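# A look at the structure
Here are the chains, one letter per residue:
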Amino acid sequence: MSNFSSSGTAMDGQEDPVSGEISPQGLLVAFLAIVAEAVAARLLELGVADQLLISGCRAFIQLSLLGVILHPIFTASNPGIVLGYIFGFMILVSAYEAAARPKVTYPGIFRNAVLSLGGSLLVAGVVLLIIVAPSPWYNAQYLIPLAGMLINNSLSGVALALNEMIDHLTT
């Protein structure tokens, strides 16, 4: 059992070191690790130094935007907002990715991907909620990462199934 409340404060008044904000020094260390990798790639003439720097900057921007989006969801503690984010954003983006992967598409592929991903998340999510049993059940700190893991697994399966089905039908 954790000694920390959902707000990140320990029951004895100390701050949870894991849930705190990242300091500027921590960001600098992470950036220096990316720069060191890029320098090593350039010295070894791997041809990926520029890609490492661009990918690192892109990841920083994406994660910063995600933090801006998720902060109000985590602080609201509202089941409608949490489920709206999961089914209104995460499922739609994942369905778009699944529908965009096959070389050949058909009308309704996005709708089918939404239904497949949403249905699998609903079934697996209910089972996982019973096993994990967060309190409250809609706690965004648990629900969003668990939904992300389930959606990722479903996305891989749906994308592979769509590819194989379309390849089979077009040959």
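Residues numbered from 1 in each chain as written. Predicted model: local features only at pLDDT ≥ 70, side-chain atom pairs only at ≥ 80, totals over all residues. Heavy atoms only, no water.

### What about the nonpolar core?
Counting 25 residues, the largest nonpolar core has I73, V82, Y85, I86, M90, L121 and I144 as the members making the most contacts within it. Counting residues per element, the ones that place at least two in this core are helix 2 (49-76), helix 3 (79-100), helix 4 (109-132) and helix 5 (140-170). Sort the elements by how many residues they give to this core and helix 5 lands first, with 10 residues. (Core = buried A, V, L, I, M, F, W, Y, C linked by side-chain atoms within 4.5 Å. Buried < 20%, exposed > 50% of the residue type's maximum accessible area, 1.4 Å probe, protein only. Helix = DSSP H or I, 4+ residues; strand = E, 2+ residues; numbered from the N terminus.)

### Regarding unusual backbone geometry
In this model, S135 is joined to P136 through a cis peptide bond whose omega is -5 degrees. Its location among the elements puts P136 in the loop between helix 4 and helix 5. The phi torsion at S77 lies on the positive side, around 50 degrees, for a residue other than glycine. Mapped onto the elements of the fold, S77 is located in the loop between helix 2 and helix 3. In this structure, A133 is a non-glycine residue whose phi angle is positive, near 50 degrees. Relative to the elements of secondary structure, A133 occurs in the loop between helix 4 and helix 5.

### Quick word on the environment of G118
Note on placement: G118 falls in helix 4. C-alpha separation for the pair G118 and I86, spaced 32 residues apart in sequence, amounts to 9.5 Å. Each residue touching G118, except ones within four places of it in the same chain, is listed here: F87 and I91. (Contact = heavy atoms within 4.5 Å.)

### Some thoughts on the side chain of S94
As for its placement among the helices and strands, S94 is situated in helix 3. At 2.9 Å, the side chain of S94 forms a polar contact with the backbone oxygen of M90. Filtering out sequence-adjacent residues up to four positions away, S94 remains in contact with L117, I151 and L155. (Polar contact = N/O pair within 3.5 Å; in protein donor to acceptor, adjacent residues only side chain to side chain.)

### Looking at the packing of aromatic side chains
The relative placement of two aromatic rings is captured by the distance of their centres and the angle of their planes. Considering all chains together, one arrives at 2 aromatic pairs under this definition. Pairing Y85 with F89 gives two aromatic rings, centres 5.3 Å apart and planes at 25 degrees, and the pair type is stacked. Placement of the pair is Y85 and F89 together in helix 3, with a separation of 4 residues, close to one helical turn. The class of F89 is partly exposed, set by a relative accessible area of 39%. Aromatic pair W137 and Y138: ring centres 5.5 Å apart, planes at 85 degrees, arrangement edge-to-face. (Phe/Tyr/Trp six-rings, centres within 6.5 Å; stacked < 30°, edge-to-face > 60°.)

### Notes on the pattern of salt bridges
Using the criterion set out here, one finds 1 salt bridge in the structure. Measuring nitrogen to oxygen at the nearest pair gives 2.8 Å for the salt bridge that ties D50 to R42. (Salt bridge = Lys/Arg side-chain N within 4 Å of Asp/Glu carboxyl O.)

### Quick word on the environment of L27
Looking at the element boundaries, L27 is found in helix 1 (residues 24-43). In this structure L27 comes out as partly exposed when scored by relative accessible area, which is 38%. Residues L27 and F60, 33 residues apart in the sequence, show an inter-C-alpha distance of 9.4 Å. When neighbours within four sequence positions are excluded, L27 is seen to be in contact with I22 and F60.

### Comments concerning helix 4
The terminal C-alpha atoms of helix 4 lie 33 Å apart, and with 24 residues this matches the ideal 34 Å at 1.5 Å per residue to within 8%. Within helix 4, the full set of buried residues consists of I109, A113, L117, G118, L121 and G125. Looking at the packing, one finds that the buried side of helix 4 touches helix 3 and helix 5. A133 occupies a position one or two residues after helix 4 and carries a positive phi of about 50 degrees. (Expected span 1.5 Å × (residues − 1).)

### Let's talk about the confidence of the model for the protein chain
Of the residues in the protein chain, 88% reach a pLDDT of 70 or more, and the chain-wide mean stands at 84. Contacts for the low-pLDDT stretch residues 1-6, under 50 throughout, to residues beyond four places or in other chains number 11 contacts. (pLDDT = per-residue confidence, 0-100.)

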